[in-house]
Amino acid sequence: MPSFTPDSHLDLLFAPELIPSDVQAQLGSDLHMRPLAKDDLYRSHLSVLRVLTSTPELTEEQYTQAFNRLKSCPNTYFTLVIINRATDQVVGVGSVFMEQKFTRGLGVVGHIEDIAVDKSVQGRKLGLRIIQALTTISERVGSYKTILNCSDANIPFYEKCGFQKKENEMARYHNTSSNAAATTAALLPSSLSERPLHTPRL
Ligand SMILES: CC(C)(COP(=O)(O)OP(=O)(O)OC[C@H]1O[C@@H](n2cnc3c(N)ncnc32)[C@H](O)[C@@H]1OP(=O)(O)O)[C@@H](O)C(=O)NCCC(=O)NCCS
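For every chain, the first residue of the written sequence is number 1, and numbering continues from 1 onward in sequence order. Side-chain atom pairs in this predicted model are given and counted only at pLDDT of 80 or more, local residue features only at pLDDT of at least 70, and totals for whole chains, interfaces and linings cover all residues.

For the rest of this paragraph, the subject is the nonpolar core. Put simply, a nonpolar core is a cluster of buried Ala, Val, Leu, Ile, Met, Phe, Trp, Tyr and Cys residues tied together by C-beta atoms within 7 Å. Remark: C-beta atoms are placed from the backbone, and a residue is labelled buried if 20 or more other C-beta atoms sit within 10 Å of its own, exposed if 12 or fewer do, or partly exposed between those counts. Membership of the largest hydrophobic core comes to 30 residues, with the highest contact counts inside it found for Phe 78, Leu 80, Val 81, Ile 82, Ile 130, Ala 133 and Leu 134. Here Leu 80 is in contact with Ile 19, Met 33, Arg 34, Pro 35, Leu 36, Gly 94, Ile 130, Ala 133 and Leu 134, once residues within four sequence places are set aside. Think of it this way: build a C-beta for each residue from its backbone, and any pair within 7 Å is a contact.

Here you go:
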């Protein structure tokens, strides 16, 4: 069984100091919260996301390119994971990304996405800890609010995390395959496809 890999041995998406120490302390000694690492493909990152939605396998190259794209946008993408220290595997994951607006005096909004906790550890308040950490990060990097979409079934969970229902979600799905990102990249000139999606300096 692989042994626990300390943060200092990993290529991390963002500075681990941004993870609130009080949230880390409440996790339990068998668990560790840290930013996503470049090689978390091999720590069951995608398997954990499958409790949430369709998450097809990725090659190491695809995963690394996606990681690099997120990391090339400073202060924008914050994906964190909870690691089971005994197995060095991901058991929880969540993201917040920062949107620069022109309203509210160049206000910034944090969007929480893709919260998932492995079935084996659901009910241990890990979902709550992930939301607490992401909300704190969102606030620390300057957002005036943090928002998210969820199913009706998950409203009670997010209310327990301190969120309240506001307005409605609208969606329009497009007829694209799961490898749309790769297709888009192939259509773009290589210099463009290498560029980050956004380059705000917050
Ligand atoms: C939803 C999810 C993230 C919750 O994570 P979790 O670690 O199991 O939940 P927690 O232990 O942190 O729950 C915190 C509180 O919310 C409650 N709660 C959790 N999920 C709930 C639900 N679906 N309905 C009602 N209450 C819920 C818990 O009972 C707990 O309440 P308590 O403080 O009174 O004991 C997890 O169940 C999951 O990954 N589900 C599948 C993927 C998913 O739906 N993700 C959310 C996408 S919007």
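Let's shift gears to the environment of Ser 47. Within the fold, Ser 47 resides in helix α2 (residues 45-49). Separated by 69 residues in the primary sequence, Ser 47 and Ala 116 place their C-alpha atoms 9.9 Å from one another. Where helices and strands are cited, they refer to DSSP runs of H or I of at least four residues and of E of at least two residues respectively, numbered from the N terminus.

This brings us to the site of the ligand. Proximity of a residue to a molecule or strand is defined by its backbone-placed C-beta atom lying within 6 Å of that partner. Close to the ligand lie 18 residues; Gln 122, Gly 127, Leu 128, Pro 156 and Phe 157 are nearest. At the level of elements, β4 (108-117), α5 (126-140) and α6 (155-160) are the ones that each hand at least two residues to the shell around the ligand. Per-class residue counts for the shell around the ligand are 11 nonpolar, 4 polar and 3 charged. Polarity classes work like this: nonpolar for Ala, Val, Leu, Ile, Met, Phe, Trp, Tyr, Cys and Pro, charged for Asp, Glu, Lys and Arg, and polar for all others, with Gly in that last group.

Each residue carries a pLDDT value, the predictor's own confidence for that position, ranging from 0 to 100. Within the chain, residue pLDDT values average 91, and 87% of them lie at 70 or more. Across residues 187-202, confidence stays below pLDDT 50; counting only partners more than four residues off in sequence or on other chains, it has 19 contacts.

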